[in-house]
Amino acid sequence: MLKTDNMLDGLNVDKITSGYVIDHIKAGYGMSIYKHLRLDELDCSIALIQNVKSSKYGRKDIIKIQGLIDIDMDMLGYIDPNITVITVKNHEVRGKQTLKLPVKLTDVVKCKNPRCITSNETSLSHEFRLTDRTKKVYRCVYCEQENK
């Protein structure tokens, strides 16, 4: 039987010189964010740390990216609005952004309505507007299809 208590206490991940720390990810969502950001396609060091103890959330995931890249903040906010993105340059924190549910999503999710114009017109963006913040409900701007 494996002992898991305090196993993460000894985990040591180096600081990054320039890049991002995506923190306060809901436990278990780190791999989903890794895939959505296509981090496997990058030529830089990336650390995905899962199930880390957190005084605020109990458990959380963290992603560290060595290198400054384009990050889709709307997609991150849609997946988990409690995420914090920390920008590091030359070993110093240069910015800290707490995310929230975006009011508008463009090409983050696709409309599931087969009769929506986005199903036939491939040049159109898939656009959604937030209609209910508490239930995290978005509606397609073209056909009003609900997407939770």
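Residues numbered from 1 in each chain as written. Predicted model: local features only at pLDDT ≥ 70, side-chain atom pairs only at ≥ 80, totals over all residues. Heavy atoms only, no water.

Peer 1: Looking at this structure, I do not really get the overall build of the chain. What am I missing?
Peer 2: Check the secondary structure of the chain and you find 3 helices and 9 strands. From first element to last, N terminus to C terminus, the chain shows the α and β order β-α-β-β-α-β-β-β-α-β-β-β. Expressed along its principal axes, the backbone C-alpha trace of the chain runs to roughly 55 × 35 × 30 Å. Sequence separation of at least 24 residues holds for 56% of the intrachain contacts in the chain that already meet a minimum separation of 6. Total accessible area on the chain stands at roughly 9,800 Å², and carbon and sulfur atoms take up 45% of it. Both charge centroids of the chain, one from 24 positive and one from 19 negative side chains, sit 6 Å from each other. (Helix = DSSP H or I, 4+ residues; strand = E, 2+ residues; numbered from the N terminus. Contact = heavy atoms within 4.5 Å. Areas by Shrake-Rupley, 256 points an atom, 1.4 Å probe, with all protein chains shown as cover. Lys, Arg positive; Asp, Glu negative; His and termini not counted. Charge placed at Lys NZ, Arg CZ, Asp CG, Glu CD.)

Peer 1: For this particular structure, what's the right way to read the sheet that holds strand β1 (residues 19-26)?
Peer 2: In a beta sheet, neighbouring strands pair by backbone hydrogen bonds and run either parallel or antiparallel. Strand order in this open sheet of 5 strands is β2-β3-β1-β4-β5, and the pairing throughout is antiparallel. Taken across any chain shown, the strands that pair with only one partner, and hence form the sheet edges, are β2 (46-54) and β5 (92-98). The sheet shows a mean angle of 20° between the axes of neighbouring strands, taken without regard to direction. The pairing of β2 with strand β3 (residues 58-66) spans 7 bridges and is antiparallel. Paired with S54 across the two strands is G58, which belongs to β3. (Pairing = 2+ DSSP bridges. Axes fitted to C-alpha atoms, helices over the stretch in contact; angles between N-to-C directions.)

Peer 1: Would you mind going over the pattern of salt bridges with me for this structure?
Peer 2: A pair can form between side chains of opposite charge whenever their charged atoms are brought close. Under the counting rule described, the total for this entry stands at 4 salt bridges. Among the ionic pairs, K60 bridges to D23, the shortest N-O distance being 3.0 Å. Placement of K60 in strand β3 and of D23 in strand β1 is noted, with a sequence separation of 37 residues between them. Both residues of the pair, K60 and D23, belong to the buried class. (Salt bridge = Lys/Arg side-chain N within 4 Å of Asp/Glu carboxyl O. Buried < 20%, exposed > 50% of the residue type's maximum accessible area, 1.4 Å probe, protein only.)

Peer 1: Would you take a moment to explain the confidence of the model for the chain for this structure?
Peer 2: Interpretation of this model should avoid reading the predicted coordinates in detail wherever pLDDT is low. Residues of the chain with pLDDT of at least 70 account for 93%, and the chain-wide mean is 89. Counting interchain partners and residues more than four positions distant, the pLDDT-below-50 stretch residues 1-8 has 5 contacts. (pLDDT = per-residue confidence, 0-100.)

Peer 1: Sorry, what's going on with the nonpolar core here?
Peer 2: Ranked by size, the top nonpolar core spans 27 residues in total, and within it I22, I33, L37, I71, L76 and I83 carry the most contacts. Mapped onto this core, the elements with two or more residues apiece are β1, β3, α2 (73-79), β7 (127-132) and β8 (137-140). The element that contributes the greatest number of residues to this core is α2, accounting for 4 residues. Once you skip the residues sitting within four places of it in the chain, I22 turns out to touch L37, D61, I62, I63, I65, I71, L76, I83 and T84. I16, I49, I86 and V88 belong to the second-largest nonpolar core, a separate cluster that totals 7 residues. (Core = buried A, V, L, I, M, F, W, Y, C linked by side-chain atoms within 4.5 Å.)

Peer 1: How do you make sense of the sheet that holds strand β9 (residues 146-147) when you look at a structure like this?
Peer 2: What the 4 strands build is an open sheet, ordered β6-β7-β8-β9; its pairing is antiparallel. Pairing within the sheet leaves two strands with one partner each, and these edge strands are β6 (104-106) and β9. Strand direction decides the pairing type here: β6 and β7, joined by 3 bridges, are antiparallel. Residue pairing in the sheet places T106 in a bridge with E127 of β7.

Peer 1: Please clarify how the pairing of β5 should be interpreted in this entry.
Peer 2: Residues in a regular strand project their side chains so that they alternate between the two faces of the sheet. Bridge analysis of strand β4 (residues 84-89) against β5 gives 6 bridges, and the strand direction is antiparallel. Residue pairing for β5: T84 is matched across the bridge by T98. Counting the residues that bridge the hairpin from β4 to β5 gives 2 residues, and of these N90 lies at a positive phi of roughly 50°.

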